[in-house]
Amino acid sequence: MPFLRVRRNSFGVNFPSLDGVRGIAILFVLLSHLSNEGYRIFNFSGKGVYGVYLFFVLSAFLLSYPFFNGCDINNRCEWKYFFLRRLARIYPLYIAVLLLDWLLVAIWNLTFNNNVYITNSLYEFVKHFFLMDLKGIFWAIDVEFKFYIILPVVIYIYVKFLKRNVYVLTCTTVAYHYFYQFFLYNYLGNIKLFFYLPLFLSGILISDIYAKVKQENNTLRRAIICEIIAMIFFIISFFIPGGIYHGYILMFAVLWSAVILCHLIGSGILLRILSFPLLRFLGVISFSLYLIHYYFIELAKYFKVIIPEVAFLTIMLVTFMVSIVTYQIIERPFIVLARKQIGHLK
């Protein structure tokens, strides 16, 4: 797998095991959606959103980490490059799938499940093109892009005014969660980012903690304790019952933050597991897997594949194969192009 050799985020930071974390996140989504439709070898129904929560925490961790590790938050060019990289990473494949969705619905008149085939008019296509009121599987992209917009403000406030005080940020995250639930939800409930903001704030929090810990000598005792915590929380995540999403945002923020932070600080057992090439491979193509998998689920239903095990294996195999192709011909070229353009600008 040549494209696993160097994997860096928008600022050139490389965490191989976090590709594996992303692989775990997409497995939650895939296995849940397959289970929901009855295509299962084991039941993962209702757990897909847990993987999305992991994506949100991980995204915040990776995107904020450079600013706690030497990157200048006052440098406007760095933020300009950041937005250019994020657009190049997300938009090309998103638009390609959006076009496919529109063709299937508006041109070929195919209508199946509400999770896909949602751009049933030119108006809906334009709305989705400009990231307005995204529906179905696109909802998480809406949340991510809005987070990209507010990230510079959040980082600036945290660094300049809160002086990178992790205790204050922790208390602020908890207080915000409950204040939003009890007082703001009725007014801001249509803006999804505000609901999921504690997950992103948790990612920023553990990013700063990790940057500070890295500057110290990691003791054996700390490494062992962190390894135990990471392993316990990692195992627990697979046994959480499906369907308990909305009332437990803070619980998932703690769960996934502990897995990400503690496995990086720990003695290396879980880090090696998460760095396993197959998991990293899934993480690398996870965006393609996320955007296209439901189309193949719907095709299996359309052609009335009635044997669950056959449908499960076929959907997984075809989705993986197509995702490799879309990553290589759509995602990767634009990532490389953005990197080259930023190199020229610098």
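Everything discussed here concerns the structure shown above.
Structure report, in brief. Predicted, not measured: the structure shown is a model, and the values here were computed from it. (Residues numbered from 1 in each chain as written. Predicted model: local features only at pLDDT ≥ 70, side-chain atom pairs only at ≥ 80, totals over all residues. Heavy atoms only, no water.)

What follows concerns the overall build of the protein chain. Along the protein chain, the regular secondary structure elements total 13 helices and 0 strands. Of the regular secondary structure in the protein chain, the N- to C-terminal order runs α-α-α-α-α-α-α-α-α-α-α-α-α. Against the globule reference of 20 Å for 346 residues, the protein chain gives a C-alpha radius of gyration of 20 Å, in line with a compact fold. Each of the three principal axes of the protein chain carries a C-alpha extent, and together these read 60 × 50 × 40 Å. The 346 residues of the protein chain split such that 53% are buried. Of the contacts formed within the protein chain by residues at least 6 apart in sequence, a portion of 77% connects residues at least 24 apart. As presented, the protein chain carries roughly 16,500 Å² of accessible surface, and 67% of it is formed by carbon and sulfur atoms. Taking the 30 positively charged and 15 negatively charged side chains of the protein chain as two groups, their mean positions are separated by 7 Å. (Helix = DSSP H or I, 4+ residues; strand = E, 2+ residues; numbered from the N terminus. Rg over C-alpha atoms; globule rule 2.2 N^0.38 Å. Buried < 20%, exposed > 50% of the residue type's maximum accessible area, 1.4 Å probe, protein only. Contact = heavy atoms within 4.5 Å. Areas by Shrake-Rupley, 256 points an atom, 1.4 Å probe, with all protein chains shown as cover. Lys, Arg positive; Asp, Glu negative; His and termini not counted. Charge placed at Lys NZ, Arg CZ, Asp CG, Glu CD.)

On to the environment of leucine 104, then. Inspection of the secondary structure assignment puts leucine 104 in helix H3 (residues 76-107). On the accessibility criterion, leucine 104 (11% relative accessible area) is buried. Sequence separation between leucine 104 and leucine 27 is 77 residues; the distance between their C-alpha atoms is 26 Å.

Let us look at the packing of aromatic side chains. Taken as a whole and judged by the stated rule, the model has 37 aromatic pairs. Three or more aromatic residues joined by ring pairs form one cluster here, namely Tyr50, Tyr53, Phe56, Trp139, Phe147, Tyr176, Tyr180, Tyr185, Phe195, Tyr196, Phe200 and Phe252. Here lysine 47 stacks its cationic end above the ring of phenylalanine 44, 5.0 Å away from the centre of that ring. (Phe/Tyr/Trp six-rings, centres within 6.5 Å; stacked < 30°, edge-to-face > 60°. Lys NZ or Arg CZ within 6 Å of the ring centre and 35° of its normal.)

Axes are the key here: two packed helices are described by the angle between their axes and the distance separating the axes. Remark: helix H7 (residues 192-214) packs on helix H9 (residues 249-265), axes separated minimally by 9 Å, with the N-to-C direction vectors making an angle of 20°. Considering their axes alone, H7 and H9 lie roughly parallel with respect to each other. Seen along the crossing, H7 lies across H9 with a hand that is right-handed. Taken together, the residues of H9 that come into contact with H7 (itself represented by Phe195, Tyr196, Pro198, Leu199, Ser202, Ile206, Ile209, Tyr210 and Val213) are Ile249, Leu250, Phe252, Ala253, Ser257, Ile260, Leu261, Leu264 and Ile265. (Axes fitted to C-alpha atoms, helices over the stretch in contact; angles between N-to-C directions. Parallel < 35°, antiparallel > 145°, perpendicular 65-115°, else oblique. Left-handed = near helix turned anticlockwise from the far one by under 90°.)

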